[in-house]
Amino acid sequence: MSANQARSWNTNPSPNPNREPKKVAVKVKKQGWITKGEKVIYSMIAAGLIIAGVFMVSLSSQTDALNREMQELEKSVQQQQIANEGLAFEVKELSRPERIISIAESHGLTIQNAEVKQAQAVEQE
C-alpha cells in the first residue's frame, strides 16, 4: 500500500485550513436551590401568614374600638347616676312638710289638723 492509499482509507479526515470546526451550543439547565413545588408551597404559606396578620390587626382594632365605646358608655352612666342622686336629694328637700305647709299658707289655705303626715311613694322594683 502506498501512502496515498493509506490516506484515502483514513477515517478521520484532516480539517481544511479554511474551514473552522463547528461549535455545538449545549444548553445547560441551571438548577435552582428551590423547586417549583417548593415555591408554590412557600408562597401559599406566605399568603396565609399575611392573611393571618391582617386578621389579627383587624380584630385588635375592633376590640380597641369596642373598649373605647364601652368606656364612654360607662362614663355617661356614671354622670347620669350623679344627676339622678342630685334629683333624688332635691325631691327630698322639696317634699318636706314644713315647706308644703308654708306654700299652702301663702296661697291662703289653712290647716285643720295639727298633724301633717308625709305621703311616701311606693317604690316598685
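All values derive from a computational prediction rather than experimental measurement.

What counts and how
- Residues numbered from 1 in each chain as written.
- Predicted model: local features only at pLDDT ≥ 70, side-chain atom pairs only at ≥ 80, totals over all residues.
- Heavy atoms only, no water.
- Helix = DSSP H or I, 4+ residues; strand = E, 2+ residues; numbered from the N terminus.
- Buried < 20%, exposed > 50% of the residue type's maximum accessible area, 1.4 Å probe, protein only.
- Salt bridge = Lys/Arg side-chain N within 4 Å of Asp/Glu carboxyl O.
- Patch = residues over 30% accessible without salt bridge, like charges linked within 9 Å, V, L, I, M, F, W, Y side chains within 5 Å.
- Areas by Shrake-Rupley, 256 points an atom, 1.4 Å probe, with all protein chains shown as cover.
- pLDDT = per-residue confidence, 0-100.

S.K.: Account for the overall build of the protein chain, naming residues and giving values.
M.R.: Across its full length, the protein chain carries three helices and zero strands. Mapped from its N terminus to its C terminus, the protein chain presents α and β elements in the order α-α-α. Looking at the protein chain as a whole, 0% of its 125 residues qualify as buried.

S.K.: Provide a residue-level description of the pattern of salt bridges, including the pertinent values.
M.R.: Using the criterion set out here, one finds one salt bridge in the structure. Measuring nitrogen to oxygen at the nearest pair gives 3.3 Å for the salt bridge that ties Arg68 to Asp64. Remark: Asp64 and Arg68 occur in helix H2 (residues 36-94); sequence separation between them is four residues, near one turn of the helix.

S.K.: Pulling in residues and values, what's your account of a nonpolar patch on the surface?
M.R.: Nonpolar side chains collect at one region of the surface, where Ile41, Tyr42, Ile45 and Leu49 lie side by side and expose about 430 Å² of accessible area between them. Relative accessible area serves as the criterion here: at 59%, Leu49 is assigned to the exposed category.

S.K.: Got a sec to walk through the confidence of the model for the protein chain? Specific residues and values, please.
M.R.: Taken residue by residue, the protein chain gives an average pLDDT of 83. The fraction at 70 or more is 73%. The least confident element of the protein chain, judged by mean pLDDT, is helix H1 (residues 3-8) at 60; the most confident is H2 at 96.

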